[in-house]
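Residue strings, one per chain:
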Amino acid sequence: MTALQTVCLLAVAVAGTATVLTRDPLRQAVASGLLGLALSVLFLAFGAPDVALSQIVVAGVAVPVMVLLALAKIRTVDRAAARDDAEEL
Amino acid sequence: MSERARLVLGLGSLAALGALLVWAVGGLPAFGHPRGPYADLAPRIMLDERHVANAVTGITFDLRGFDTLGEELILFVAALGAAVLLRALRTEGAIEEAAADEERRGPGTAEALRALGAVLVGPTLLLGIYVVVHGALTPGGGFQGGVLLAGVLLLVYAAGQVAAVERVRPVSLVEVTDALGAAAYTLVALAGLVFGVAVMDNVLPFGTTGSLLSGGTVPVLSVAVGVEVTAGVTLILSEFVDQMLLRSRRGD
Amino acid sequence: MLAYLVAVWLLLAGLYGVITSRHLVHLVLCLGVMQTSTYVLLLAIGWRAGGAAPIFADIPRNTPIVDPVVQALTLTDVVVEATVVAVLLALTVQAHKRFGTCDPDALGALRG
């Protein structure tokens, strides 16, 4: 096992743990992006450029955007509901 | 059941699962010495018979093409499911009105971001098409290039051109393209029957390694998957973006 | 061996996150962590010591390469799981609209 693989594996383990332990979804999206980056370097170290390309594209482009848009929608609905409640009082 | 009891039970079962898994991976072949004969055979078939330089893409679209058909249809159904779920949250015509409102208000993003988005659309499109078409030669293929092409929609959105977003992805066109990609893959898979060999057999001429038209049906399937993934991911992303457009409207 | 242990650790950590989650989006991202454990395991099984990447564009024909079959499985998996995450996020947005909360414990039972 090469040194690069060992370092990448440890980085992936740490990033994965950080993603799970971060409770706030917004910060967790950032941690998840870092996990994706560490994974793509790990895949390159394992001799898999196709998989690394997939991982970069998906974890960098598609997933963070969807998570952030979903969170923004949830926050907007919350704020509108709070505004309605405040108006009723 | 109380919170604490659930937590204790959960941690206990996780520990048991962990012990079993560690025991299981202890029995795997030593790291660095895989035992599968398929791994030596597959690249030989790919390189010598099919003239495909990228063994992984060759296996994805030729030797294991049937698995890829299933995966592609999962993607199709998932895009459909996300679109149905998110469209239930909005009324007809609301998107057009929200887009018109946003046009009038003007984009709120910084000038530098808009310029960067506008400049990057062309090269990203070109790069995505390159990755899809060269799947048999270099690392790449339909899946990677497809998601890259779907990212063009995000660049247009980041550039603040809401009306351009509507034009870039007229929704019925995206849906039709998605269906066409999935159908194309299935038809090429069934083409084997037309030529009198098994389904999913590689029936086109193989060409020479390294040229664009090598590998028989592999680049054709790569393009079909690229079209389908682009349209599917664009559909999903555009539904999410629409929800953002509606964020300032009450009752949606 | 470290690679297999990291895969097991990621699975357990993701599962722990799913069990103790208090926000549906947090739950979906922990599910993503569990998915990454399968990718690491698959690629670790295929690694051959001293092997090159399985692209024969410019290496001689007989160089030993890593196992390309597991890479084919993993790369389609990565893209498809992203769309499954999209469906789950759409469900989350729907659930939030319906129940007003994103806490899995507070979501009501399914009503017909």
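These numbers were taken from a predicted model, which means no experiment stands behind them.

### Re the overall build of chain B
Then, in step 1: Of regular secondary structure, chain B possesses 10 helices and 0 strands.
Then, in step 2: When the helices and strands of chain B are listed from N to C terminus, the series reads α-α-α-α-α-α-α-α-α-α.
Then, in step 3: Looking at chain B residue by residue over its 252 residues, the buried ones come to 41%.

### Looking at the overall build of chain A
Then, in step 1: On a plain count of helices and strands, chain A comes out with 3 helices and 0 strands.
Then, in step 2: Helices (α) and strands (β) of chain A occur, in sequence order from the N terminus, as α-α-α.
Then, in step 3: For chain A, the C-alpha radius of gyration of 18 Å lies well beyond 12 Å, the compact-globule estimate for 89 residues.
Then, in step 4: In terms of overall dimensions, chain A has a C-alpha envelope of 65 × 25 × 10 Å along the principal axes.
Then, in step 5: Here chain A holds 89 residues, and the buried ones make up 51% of them.
Then, in step 6: Within chain A, residue pairs in contact and separated by at least 24 positions form 50% of the contacts whose partners lie at least 6 positions apart.

### A word on the interface of chain B and chain C
Then, in step 1: On the side of chain C, 39 residues touch chain B, which itself brings 47 residues to the contact.
Then, in step 2: Counting only elements with at least two residues in the side of chain B that touches chain C, the list comes to helix 1 (3–26), helix 2 (38–49), helix 3 (55–63), helix 4 (65–87), helix 7 (142–158) and helix 10 (218–245) of chain B.
Then, in step 3: When residues in the side of chain B that touches chain C are grouped by element, the largest group, 10 residues, is from helix 4 of chain B.
Then, in step 4: Across the side of chain B that touches chain C, the residue classes break down as 32 nonpolar, 13 polar and 2 charged.

### Some points on the confidence of the model for chain B
Residues and elements named next belong to chain B.
Then, in step 1: Residues with a pLDDT of 70 or more make up 77% of chain B, whose mean pLDDT is 80.
Then, in step 2: The secondary-structure element of chain B with the lowest mean pLDDT is helix 8 (residues 162–168), recorded at 60, while helix 1 shows the highest, at 92.
Then, in step 3: Under the prediction, the complex receives an ipTM of 0.88, its pTM being 0.87.

### So, the environment of Pro-49 of chain A
Then, in step 1: With respect to the secondary-structure elements, Pro-49 of chain A resides in helix 3 (residues 49–88).
Then, in step 2: Dropping the residues within four chain positions of it, Pro-49 of chain A is found in contact with Leu-44 of chain A, Pro-139 of chain B together with Ala-53 and Ile-55 of chain C.

### Thoughts on the interface of chain C and chain A
Then, in step 1: In this assembly, 41 residues from chain C lie in contact with 35 residues from chain A.
Then, in step 2: The set of elements that each furnish at least two residues to the side of chain C that touches chain A consists of helix 1 (2–19), helix 2 (24–46) and helix 3 (68–99) of chain C.
Then, in step 3: Looking at which element gives the most residues to the side of chain C that touches chain A, the answer is helix 3 of chain C, with 13 residues.
Then, in step 4: Broken down by class, the residue content of the side of chain C that touches chain A amounts to 27 nonpolar, 12 polar and 2 charged.

### Some points on helix 3 of chain A
Then, in step 1: The end-to-end C-alpha distance of helix 3 of chain A, which contains 40 residues, comes to 58 Å, matching closely the 58 Å that a straight helix rising 1.5 Å per residue would cover.
Then, in step 2: The axis of helix 3 of chain A is deflected most strongly, by about 35°, at Val-58 of chain A.

### Some remarks on the packing of helix 3 of chain A against helix 10 of chain B
Then, in step 1: Axis separation between helix 3 of chain A and helix 10 of chain B bottoms out at 9 Å; the angle between their running directions is 25°. If you check the angle between helix 3 of chain A and helix 10 of chain B, you find them roughly parallel. Crossing angle aside, the handedness with which helix 3 of chain A passes helix 10 of chain B is left-handed. For the pair helix 3 of chain A and helix 10 of chain B, the contacting residues are Ala-62, Val-65, Met-66, Leu-69, Ala-70, Ala-72 and Lys-73 of chain A in the first and Val-233, Leu-237, Phe-240, Val-241, Gln-243 and Met-244 of chain B in the second.
Then, in step 2: Considered class by class, the residues forming the contact of helix 3 of chain A with helix 10 of chain B number 11 nonpolar, 1 polar and 1 charged.

### Re helix 2 (residues 25–45) of chain A
Then, in step 1: Over its 21 residues, helix 2 of chain A extends 30 Å from the first C-alpha to the last, a length consistent with the 30 Å expected when each residue adds 1.5 Å.
Then, in step 2: After helix 2 of chain A finishes, the residue Gly-47 of chain A shows a positive phi value of roughly 75°.

### Quick look at the packing of helix 3 of chain B against helix 3 of chain C
Then, in step 1: Running from N to C, helix 3 of chain B and helix 3 of chain C point in directions that differ by 65°, and their axes come no closer than 8 Å. Overall, the two elements helix 3 of chain B and helix 3 of chain C adopt an arrangement that is roughly perpendicular. Crossing hand, helix 3 of chain B versus helix 3 of chain C: right-handed. Residues Ala-55, Val-56, Ile-59 and Thr-60 of chain B of helix 3 of chain B form the contact with helix 3 of chain C, whose participating residues are Pro-68, Val-69, Gln-71, Ala-72, Leu-75 and Thr-76 of chain C.
Then, in step 2: Class assignment of the residues belonging to the contact of helix 3 of chain B with helix 3 of chain C gives a composition of 7 nonpolar, 3 polar and no charged.

### Let's talk about the environment of His-51 of chain B
Residues and elements named next belong to chain B.
Then, in step 1: Assignment of secondary structure puts His-51 in the loop between helix 2 and helix 3.
Then, in step 2: Given 21 C-beta atoms within 10 Å, His-51 falls into the buried group.
Then, in step 3: When the C-alpha positions of His-51 and Leu-213 are compared, they lie 10.0 Å apart, and in sequence the two are 162 residues distant.

### Thoughts on the environment of Thr-17 of chain A
Residue and element names in this part refer to chain A.
Then, in step 1: Position of Thr-17 relative to the elements: it lies in helix 1 (residues 3–21).
Then, in step 2: Here Thr-17 falls in the partly exposed class, since 19 other C-beta atoms lie within 10 Å of it.
Then, in step 3: Sequence-wise, Thr-17 and Ala-31 are 14 residues apart; in three dimensions their C-alpha atoms are separated by 9.5 Å.

### Regarding the confidence of the model for chain A
As a note on interpretation, predicted positions should not be read in detail where pLDDT is low.
Then, in step 1: Put simply, chain A has an average pLDDT of 89, and 100% of its residues get 70 or more.
Then, in step 2: The least confident element of chain A is helix 3 of chain A, whose mean pLDDT is 86; the most confident is helix 1 of chain A, at 94.

What counts, and at which threshold
Residues numbered from 1 in each chain as written. Chains lettered and ligands numbered in written order. Predicted model: local features only at pLDDT ≥ 70, side-chain atom pairs only at ≥ 80, totals over all residues. Helix = DSSP H or I, 4+ residues; strand = E, 2+ residues; numbered from the N terminus. Buried ≥ 20, exposed ≤ 12 C-beta atoms within 10 Å, placed from the backbone. Rg over C-alpha atoms; globule rule 2.2 N^0.38 Å. Contact = placed C-beta atoms within 7 Å. Nonpolar A, V, L, I, M, F, W, Y, C, P; charged D, E, K, R; others polar. pLDDT = per-residue confidence, 0-100. Expected span 1.5 Å × (residues − 1). Bend = angle between axes of the 7 residues up to and from the residue. Axes fitted to C-alpha atoms, helices over the stretch in contact; angles between N-to-C directions. Parallel < 35°, antiparallel > 145°, perpendicular 65-115°, else oblique. Left-handed = near helix turned anticlockwise from the far one by under 90°.

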